[in-house]
Structures are given as C-alpha cells and as structure tokens.
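# What the coordinates show
Spelled out from the first residue to the last, the chains are:
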Amino acid sequence: MWLSFWKSRDRFSIDELRYLTEQLTKIQIVNEVNKDFVIEALRSIAELITYGDQNDSSFFEFFMEKQVMGQFVRILKISRTMIVSLQLLQTMSIMIQNLKSEHAIYYMFSNEYMNYLITYSFDFRHEELLSYYISFLRAISGKLDKNTISLLVKTQNDEVASFPLYVEAIRFAFHEETMVRTAVRALTLNVYHVGDDCVNRYVTSAPHADYFSNLVMFFRKQCISLNGLVSDALKNPGSDSVSTILAAVDEIEDNLYYFSDVISAGIPDVGKLITDNILQLLIFPLLLPSLRIEAVNEIQIGAVASLYLICCILRIVKIKDLANTIAAALFFPLEAFRQISEVKLNGYMLGHGSIHDSQPQGSDSLTGVEGARLRVNVPNSSSSSHIHPEVVICQSDSTGSNLALREALLSFLTSGDDVLVLGSLGVLATLLQTKELDESMLDALGILPQRKQHKKLLLQALVGEDAGEEQLFSSEGICCELDSYLQKLKEQYGVLYSFPEEGASPRAHRFQVLDALVNLFCRSNISAETLWDGGWLLRQLLPYSEVEFNGHHLKLLKDSYRNCTIAIQQEIRGIWVDLLLAFLCDEWKMCKRAIEASAPRKEPKCILLPSQRSYSDDIIPAESSFTAGERMCELVKVFVLLHQLQIFSLGRVLPDQPPICAPADVPESFRARTAGLDTSGPKPGTELRIVDAVPCRIAFERGKERHFSFLAISMGTSGWLVLAEVLPLKQQFGVVRVAAPLAGSNNR
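Residues numbered from 1 in each chain as written. Predicted model: local features only at pLDDT ≥ 70, side-chain atom pairs only at ≥ 80, totals over all residues. Heavy atoms only, no water.

Secondary structure summary: the protein chain contains 30 helices and twelve strands in total. Sequence separation of at least 24 residues holds for 71% of the intrachain contacts in the protein chain that already meet a minimum separation of 6. Within the structure as shown, the protein chain displays about 35,200 Å² of accessible surface, and the carbon and sulfur contribution to it stands at 52%. (Helix = DSSP H or I, 4+ residues; strand = E, 2+ residues; numbered from the N terminus. Contact = heavy atoms within 4.5 Å. Areas by Shrake-Rupley, 256 points an atom, 1.4 Å probe, with all protein chains shown as cover.)

See the structure below:
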C-alpha cells in the first residue's frame, strides 16, 4: 500500500483526492509505522481542497460526498501519536483560512465535526500542540458572520445554550504565553463584532460574564508587577531596567487597547461590565488611594505607577462613565476610600516635601498647609468683587488624610519630586484632553480652558438660562454633572463620604490650579523639561489673557525670573559663554513650540523611566566642562520659560525670536588677520601664517621629534586653540593638525 502512494499521478486531480481518501479509510489505527503516510495524506488533502475551491468545485463536492470530515475525526480517535493530532489541526486551519466559497464554509461548520474537534481532549502539556489548537480556533473565528456563527452554537428556546468555540478559547485567555493570549483576544473580538444578539446575551450572562472581571484582575496583576519593576529601577537604575519597564508598559497598553476594542464592538452592558470592574477592582482600591497612602499588604501600587496608570486608562479606554467617575472621585478625601483599599496612610504627606527656596516665608500659597486649612487667593477685581479675596477651600487635618485627591495632585506640583510633578502634570493634561469628560466636569476640576469657559457661559447667557449672564463673570456653583456622579459614587459603589468641599466653586478650584502652577515655576529643584510641561498646561488654561494672575502670582514669577537672570549673568563668566547666545535663541523657539503645542510632548510612560545621565560622576567629574555645559543648558531652558511666562503674564504675544539685541561687531584679532584665517575658522590641513606662536617639539615615537607651534586665535565671538606643524621650507608657515574650540575649555 505504501509503495502505491508514491506512484506517479496527477497531483492536482480528483483521482489523487480519491486515492488519499480511500487509503485513510483503510487505516484502523495510527502508530509509528504508518504515521508518516497519514501526516502526508492530511497535508495533501488540505492542499487539494484549497486548490479545488479556487479552480474546480468538484473537489469539494467529492469531499462532502465521501464525508472526509468524518474520516478526519476518526483518524484523530484512533491516533496514538501527538504529531498526527498536530497535523490534523494544521490541516483544518489551512482549509478554513483558504476556503473562499460560502458553500464550503457552511458545510464545514454545519455538522458537529467542527464542535467535536473544538472540544476534543488534546494533551496541551505539549506547547506546540496548544499553539496549533489556538491557531485552529482563531481560523474558525475569522470566518464568523451572522450566518456562520449560528452553525457553531446550540440553542434552547431561541437562546444560545452553548458556544464551544468561545468557551474553549477563553480558557486560555490568561495563558503565560503571550502569543496564545493575543490569539484568544483576536478570536473574542471576532465573536463580539459579529453583532448577533443571542450570542451577545450569552457572553454577558453568568458565568461567561466573569471573563470580563477576570480580564481586569489579570490587568491588575500586571499593574502590580509594573510597580515592582519601577520600584526596583529607582533603586538600581540601568539600561536593563528601562527595557524591562518598556516591555511591561507595552503589555499594559495592549490590555487597555483590547478593552477599548471590546467596547467598540457595541455589545450592550459590556461597557458597564468593564467600567464597574475597572473601578471596583483597580481604581478605587488601588490607584486613587495610592496617591496618598501606602499598603499594609504587598499589593499596593506606588504613586508613580498609579499616576501613569490613571493617565493610560483615561487616554485609551473611551468610556464616558468611567472617565467622569474617575474625575468625580478626585473630589473625595482619602477617608472615602479607606475601607475599599484597606490600607494605611503614607509617610509622604503634604508638608514633608520642600517648598521652593524662593517662596517668601509666611506666604499664603494655595498648596501650603496653614494649620488645618487650605486657602487660595482669588484676585479682587471689578468682575468678581463679591468674592472674598481669601476663600477657604476645604478643611484638612495636619496629616492630610482629609485632603481631597484633586488637591493631592496639586500638592505634588509644589512639594513633590521631579517624577511626581511630571506624573501630576500628566494626569491633569490627560483629563484636559479626555473628550469623554463633560466640560462642566473640567470646569469643576478647575482645568477648563478659558476659551471654552467663556464660550459655554456666553451660550448660557444667549439662550437665557438662569443667571447665565452673571455666571459669565462669577462662575459660581458646582455643576450638576459633578453632583450626579458624586451621588452615583455613593449609591452604586458605596464610597462613604460627607459632601466633599461643600461651598467651593469652580472659580476657586481654577485658582488652586493656577496657584499650584505658579509655585511650580518658582521651584529650583525641578528639571527644565518638566517645567516646560507645566508651561504647556498653563497655556491651555489661559491662552490669551492675564486677568487671572493676581499680584502674588506676578511677584513670585518676577522674583523667580530675577534669580534666574542673575544665574544666567554668572554664566557669562563661564567656559561655555561662546555658545550661550546661540543656545538661548534655539531654546526660545523650542520652548515656544512646546508650550503652544496642541498636546504635551511626552507620553505618560516617561513618568516611569528613571532619568538617565549621559555619564556618571565617576567618569565625568562634577567640575568638568561637560558638567558645566549641562548646567548651562538646563539654566537656559528655565530662563527661557520664565522669560516667556513674564511676557505671557502681561497679556502680550510671544515673539518668535527672543527679544535680545544683536551683538556688537567684534573686530578680528590681530593674530587671525595676520595668520590669514578665513571666516570658516582653522581646519585640519589648512595652511596659516604663524604669528606669536609658542614653539614646541612633539615625539610620536622615540627618537623622532617633529616641530609644532601652539597658537591661540580668535575671530568674532569664536576662538580656537591650534596645534600647527611647522613647514620645513617655510619657517613662518604651518599646517593645522588639531584645532579645539575655546568654548568648553577649562583654563585651569
């Protein structure tokens, strides 16, 4: 029998298909002796059926007439080797993926053979077999539509009673192998996007709805794992830690995009299921409390990871209820989440960080805690004369446990380190750009852009809403949108609270944000890049007006700008003075572009990455020219931002170029003219006249000295140290071998 298999026949013919089918029918058991023939027969049949689907319908008619699918199932039952099971799954996958005829697909799905293969007890201890099985399931899902899906489900009383494809697939939804998880997610999305009402009710009914809560629990574990990686990186920074964090971030964002894809399928109740699970399993017990507290157990997430995750959830998972509920929760104090989180207060509290050095002692800055009250200064103008200049925002004890989480975010701006500042700015920027958030919610948070605020109030006045015209100037009262979500948090999610910040207004909240940002710009221990992000947020809130800056803000900005100006003047005596002007002009353009951009420059994951310096202090000493150059660059960036804020705070338009006078023409030095140096400067190989040079001899190898001249020359605002080799036949001339710029040289 085996010899006849290899006889010459037309490979793509009905005769070949008939022969292979007859030979399979004769096999009573599959063992080591005949397994190779069975494998080749299965592979060849798949090839022939695929060929026939595209060229000759009689191939598939024969396939149906001879019940070849039944032979496949029989072969699987009598097989004693894993490799045959593997080939059978591959054969089925190839056939399903390549069949174009609807008639052929309907036949494949219309009998119980397909569900039998789906539910067959394969030995999944073999990883390769599992991989082929998942590919088989995914191939089936790729052919699903409203007609074919009905062939794979069992119904009872017009409702789906079982759906083996879906049930078997989600068993592997949380497999340790990433490729398996990805395939299962692709399969489930194919099911959801079919849009069959009966199937949709099936996947959202118990116990299958547990899949969505299990997804969030799996995501929660990934978040906790990420927090561990971030904590380790802070203790032991390095390139390996960065790559590990980025890999974990990719997985987390993939999970969130999967949530978003599931929601976009439009299945009723799925959005609510995911929202409830994210809130109750992650946001309330873990992320929001982490902004102020530390865990008793080992599953708490740190503030840095929490800030990043809040940004990602808001940015990727587009659910209106989820976004607005998270925003409303920021108005609650820590106590509201104590029972949910079962954690204790963190050691990092407001007042434990250092306020900026230049902040005047005794100033009543918004985020400074005075005894037990948090205050904000509201400018007393003609349009708001009825507002008391000093509005008490909330009561908080000395530990900060009653401080609203919204204010905890602002406290990071004034007393947190660089990473916490960046994270807090990231959350505020994400909230600002979340389209699912109602504008009235942004107004209540104090981060509604001024142009949108005026547009809303003007519209209210035009349509004749009560007190609309007065609100254009007062903006008093917390919005109804916020009230509804506060009530929902109490009734639906059991968040215990007394009404937060009673009597506070969006206007007062807005000044809290503004005050925190002004204090941020006055801090000397925050990087320029982070301060630029704060500048972007300020420009989003106040794009064209200075009226919301009060005298205290203007004084703080002016004092900080003056201190920075003094530091810049000291750099004139530094070793990088030659590049100072050019760098200032470049950074002016970059800063203006950054703060006027439509979106922040950095992605949220930048919060997690430890700052990497180019060189360590062991390699580059702190007194080196390299360190001096880095210091000068950082100082110029801060100076440029503060200078632009000075212009902005006065209500003026930022110019494209820095408002500096052109440098006076500096005559060329006598040496440069005498040496015959052109405007391009000394370059290796250039011949020049040696004037006032210091003669020296250099031996590159023993006994072979060469005559050089050491020369310092300048042209305009540039200067060089030149080492020129004396020409033997022209004693007054030399050839430039090395030229080093004076900028950056340390004359000591």
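Before going further, it helps to spend a moment on the side chain of Thr 434. Relative to the helices and strands, Thr 434 is located in the loop between helix 20 (418-433) and helix 21 (439-445). Owing to a relative accessible area of 4%, Thr 434 belongs among the buried residues under this scheme. Of note is the side chain of Thr 434, whose polar atom sits 2.5 Å from the backbone oxygen of Thr 430. Beyond its immediate stretch of four places on either side in the chain, Thr 434 contacts Leu 314 and Ala 323. (Buried < 20%, exposed > 50% of the residue type's maximum accessible area, 1.4 Å probe, protein only. Polar contact = N/O pair within 3.5 Å; in protein donor to acceptor, adjacent residues only side chain to side chain.)

Glancing now at the packing of aromatic side chains. This structure, assessed with the given rule, holds 23 aromatic pairs. Ring geometry for Phe 122 versus Phe 124: centroids 6.0 Å apart, planes at 45°, classification tilted. We classify Phe 122 as buried; its relative accessible area is 9%. Put simply, the rings of Phe 163, Tyr 166, Phe 174, Tyr 192, Tyr 211, Phe 212 and Phe 218 touch in pairs and so form one group of aromatic residues. A cation over an aromatic ring shows up here: Lys 730 above the ring of Phe 733, its NZ or CZ 4.6 Å from the ring centre. (Phe/Tyr/Trp six-rings, centres within 6.5 Å; stacked < 30°, edge-to-face > 60°. Lys NZ or Arg CZ within 6 Å of the ring centre and 35° of its normal.)

Counted by the stated rule, this structure contains 28 salt bridges. For Lys 35, the salt bridge is made with Glu 32, and the minimal N-O distance between the two is 2.8 Å. We classify Lys 35 as buried; its relative accessible area is 19%. What makes Glu 32 exposed here is its relative accessible area of 53%. Put simply, Glu 253 and Arg 315 hold a salt bridge, and the shortest N to O gap is 3.4 Å. Residue Glu 253 is located in helix 14 (residues 239-264), and its partner Arg 315 is located in helix 16 (residues 303-316); the two are separated by 62 residues in the primary sequence. Accessibility expressed as a relative area gives 12% for Glu 253, which makes it buried. Each of Glu 529, Asp 533, Arg 601, Lys 602 and Lys 637 takes part in salt bridges that share partners, so that together they form one network. (Salt bridge = Lys/Arg side-chain N within 4 Å of Asp/Glu carboxyl O.)

Bringing the confidence of the model for the protein chain into the picture now. This prediction gives the protein chain a mean pLDDT of 80; 78% of its residues lie at or above 70. A low-confidence stretch, residues 1-6 stays under pLDDT 50, and its non-local contacts, those more than four residues away or across chains, total ten contacts. Counted against residues more than four places away or in other chains, residues 343-400, with its pLDDT under 50, gives 142 contacts. (pLDDT = per-residue confidence, 0-100.)

Running from N to C, helix 8 (residues 112-119) and helix 9 (residues 127-141) point in directions that differ by 145°, and their axes come no closer than 10 Å. For the pair helix 8 and helix 9, the sense of crossing is left-handed. Across the interface between the two elements, Met 114, Leu 117 and Ile 118 of helix 8 pack against Tyr 133, Phe 136, Leu 137 and Ile 140 of helix 9. Partitioning the contact of helix 8 with helix 9 into residue classes produces seven nonpolar, no polar and no charged. (Axes fitted to C-alpha atoms, helices over the stretch in contact; angles between N-to-C directions. Left-handed = near helix turned anticlockwise from the far one by under 90°. Nonpolar A, V, L, I, M, F, W, Y, C, P; charged D, E, K, R; others polar.)

Another aspect to go through is helix 6 (residues 82-98). Helical geometry note: an α-helix holds 3.6 residues per turn, so side chains three or four residues apart project in the same direction. Over its 17 residues, helix 6 runs 25 Å from end to end, which matches the ideal 24 Å to within 8%, given 1.5 Å per residue. Listing the buried residues of helix 6 in full gives Val 84, Ser 85, Leu 86, Gln 87, Leu 88, Leu 89, Thr 91, Met 92, Ser 93, Met 95 and Ile 96. For helix 6, the secondary structure elements touched by its buried residues are helix 3 (35-55), helix 4 (58-65), helix 5 (68-78), helix 7 (102-109), helix 8 and helix 9. (Expected span 1.5 Å × (residues − 1).)

Counted at 1.5 Å a residue, the expected span for helix 29 (residues 625-649) with its 25 residues is 36 Å, and the 36 Å between its end C-alpha atoms agrees. At the C-terminal side of helix 29, Gly 651 shows a positive phi close to 80°.

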